[in-house]
Structures are given as C-alpha cells and as structure tokens.
Amino acid sequence: MTKRSLASLRHRTPRRVAVAFLFALSFIAPSIAQDQGTSASDAVSKQVSAYVQSEMQRQHIPGVALLVSRGGKIVQAEGFGLANVELQVPVKPETVFQSCSVGKQFTATAVMMLVEEGKLGLDDPLTKYFPEAPATWKEVTVRELLSHTGGFGDYPATFNFRKDWTEPELLKLVESIPLAYPPRTKWEYSNLGYLTLGILIHRVTGEFYGDFLQQRIFHPLDMQTTRIISEADIIPNRASGYRLVKGELKNQEWVAPKVNTTADGSLYFSILDLAKWDAALYTEKLLKRSSLDQMWTPAKLKNEQPNKAGYGFGWEMEDRHGHHVVGHTGSWQGFKTAIARYVDRNDQLTVVVLANLAEAKPGAIAEHVADLYLQTKSSKN
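Engineer: Can you help me understand helix 2 (residues 42–59) in this one?
Structural biologist: For an α-helix, the turn length of 3.6 residues means that residues three or four places apart are oriented alike. Counted at 1.5 Å a residue, the expected span for helix 2 with its 18 residues is 26 Å, and the 26 Å between its end C-alpha atoms agrees. Considered for burial, the residues of helix 2 that qualify are Val44, Ser45, Val48, Ser49, Tyr51, Val52, Glu55, Met56 and Gln59. Angular distribution of buried residues about the axis of helix 2 spans 165 degrees; they occupy a single face of the element. Projecting away from the buried face of helix 2 at angles above 90 degrees are the exposed residues Asp42, Ala43, Lys46 and Arg58. Backbone geometry just after helix 2 places histidine 60 at a positive phi near 60 degrees.

Next comes the structure, spelled out in structure tokens:
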C-alpha cells in the first residue's frame, strides 16, 4: 500500500486534459478568513492563491483545498479547481478528501491516549497483546511500531488490494512476514506497523479503532466530516481521486472496502476539520503536553542516534530555513496530502494541502505557501 510514497509526473498531458484543467482552475471557492489579529494580509493571501493556481496548472491537479492557520486560528481556507471533474463540482473548504498517511497521526494519538490511561505501555512487547504471534515479535515494542523502527515493512508486492480482507486475515498476513531487520537498528517506513496498531487498539479497547477515534477525538473536537473511508456511503462534498495514465486523467483505482478501513491512513476529512485538529494540538484537550512532546521527538535507535527520517509517533520532524517543522505527507488512491506545522513560538503557522491527483506534490506546495507567510511576518518584525 502506497499511502505515503510519492509518485512523479512523467508524461505530458494531452491537450484535451489540459483544457479541462484550465477550466477547473476557473472554479475557486470563496476563501474563509477570520481576522483574529493573526491573519495574513489580503496581499499575501492573493499571492498564495495565485501560486497554488499556477502549481495546479503546472502539475495538472484537478482540485486542491488549502488551509493556513496561525496559533490555531484560520487565516486562509480556500478551495481551488474541481472536486469532481466529470460533474464539474468545485472544491470548497468543506470538500472531503481522503487522508492518506496523514491519518497516521490520529492512530498514534489514540495509542498515546491508551498509554496515558495505563492500558498500554510504550515499551510493552507486542506478544503481550498478540500471544499467538511469532517469537520475534517479543523483541518489538509498541514504541517501535509507532516510530517505524520495529522491523515491519510495507504491503508485499503480491498483496491483493481487491480482496476484502478481514482483520484476522490481515493480522495473519503480517505475522507471516519475517522482520526486515532487528528492532531499533534502522528506520523503514511501515504501513503494516500502523495496520497492526489499529488491531492493537481493537484488542485493548474491544472497539474497532475507527469507532475509538470517533468517540475520543473526532466527536469531542466537532470534526464533523472526519470518519473512516466508505465508498458505499453517501458522503456530502466528497472529492474524487484521480491519476495520470500516459498523460491522460483517469479515475482512482478501486480497492476492496475493508482495505480502506485500516489504521495506516484510511480516513476522510476536510481542511475545516483539520483546522480544529490543529487548534487542539496547542492545548491538552486530547493528550498531556508530555505525550505530545514524545510524539514530536525523533525516536532513537539502539545506538542512541535519532532515526534518519526524524520520525516520532505519527509525525516527522525537520528544520527548514531555521524553522522547526512537525508534519506528514500521504499518498493513496488518487489523493495526495500534506500537513506542516511550524511550531516555533514566533511562528505557530500550519499549512495543509489536500490534492486529488496521485502525482501531485502537496508537500512542496505547503512549503512554498509557508515561506510566503513567514517572509511576510519577518518583514514586519
């Protein structure tokens, strides 16, 4: 499953598709701006909007939703292009996209809630909760699954995404795959590790992890659109996912319903819900500050060095041009997502970019948008 991997655009778009993209860019939903003393100037917002439109045209992205917030308050929430190309439906701030691997931070938060409640231990061996698992799982801890340092890998090349796997079948599959390396000796991104965390939440609470998220995170924060993916349900304002095949726009590929319910990134959400999520992360509504700090600290390997990706629990950290950034990207089923939180006290800036094209590069867009806002703030200081 490539819920995080980045794909590059290799083919030139035929003229008929390019015309469709230009038409799509004529649909720009009104932005939502709240003047709370932290909003950017109209000039910067317009500059950002023009940049996003130009990148959509260059990357051939049908639709984008953009969120910019400061200190947990929205300064720009805007939709660009089309949520559905066939029906010519414009993207709005309310438009619902798939989360891709940005959803991992919610799984990690759920695990940390259980840790705070004493129902899980970060250094518990997996065999405490999966006694039937291979003996090698005794050396893997909950902490290592959260940080991608446990030796778990990705979905095998032969994995059938069109089979409606049950949870026990998925667990049996994961258990059948030997560890790729001894735990905490290296870092390797692992969708299977987060899939297993979802099953762990189910075993500890007796609830499907998606129900746990709904009760403990989404409902308390009034995240009204955020939920587990279901292509069968009627979802208001749902965007369609797309991909380019030899330069021609195609619909997203179909996967079995249960494959779209795993804890490695199978959510729907909108930028308006993510604004509520971002605001909550400045508080202790969900977790103690000490727990959040653990999530936002790169996990160390056995040699006591931070892992190469700067990955914590469901988030990865980096420094960009002197600013500390906590974020994540995602890729899955015709969608690309990125969240970047510039958490330094003088910044407190968050940028979210949701796109409905497999070849889009939302991380790069988010970084440039942040630069525009941060440069403006620097010029005022």
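Engineer: For this particular structure, what's the right way to read the sheet that holds strand 8 (residues 267–269)?
Structural biologist: Strand pairing in a sheet relies on backbone hydrogen bonds. The paired strands run either parallel or antiparallel. Strand order in the open sheet formed by 3 strands is 4-8-5, and the pairing between neighbours is antiparallel. Where the open sheet ends on each side, the last strands, each with one partner, are strand 4 (97–98) and strand 5 (227–228). For strand 4 and strand 8, the ladder comprises 2 bridges, and the chain directions are antiparallel. Opposite phenylalanine 97, over in strand 8, you have phenylalanine 269 as the bridge partner.

Engineer: Looking at this structure, I do not really get the packing of helix 3 (residues 104–116) against helix 6 (residues 191–205). What am I missing?
Structural biologist: What describes two packed helices is the angle between their axes and the distance between those same axes. Where helix 3 contacts helix 6, the two axes come as close as 10 Å, and the packing angle between them is 40 degrees. As judged from the angle between their axes, helix 3 and helix 6 are oblique. Like other packed secondary-structure pairs, helix 3 and helix 6 cross with a definite hand, here left-handed. Contacts from Lys104, Thr107, Ala108, Ala110, Val111 and Leu114 of helix 3 reach helix 6 at Asn191, Tyr194, Leu197, Ile201, Val204 and Thr205. Within the contact of helix 3 with helix 6, the residues separate by chemical class into 8 nonpolar, 3 polar and 1 charged.

Analysis parameters
Residues numbered from 1 in each chain as written. Predicted model: local features only at pLDDT ≥ 70, side-chain atom pairs only at ≥ 80, totals over all residues. Heavy atoms only, no water. Helix = DSSP H or I, 4+ residues; strand = E, 2+ residues; numbered from the N terminus. Expected span 1.5 Å × (residues − 1). Buried < 20%, exposed > 50% of the residue type's maximum accessible area, 1.4 Å probe, protein only. Arc of directions from axis to C-beta. Pairing = 2+ DSSP bridges. Axes fitted to C-alpha atoms, helices over the stretch in contact; angles between N-to-C directions. Parallel < 35°, antiparallel > 145°, perpendicular 65-115°, else oblique. Left-handed = near helix turned anticlockwise from the far one by under 90°. Contact = heavy atoms within 4.5 Å. Nonpolar A, V, L, I, M, F, W, Y, C, P; charged D, E, K, R; others polar.

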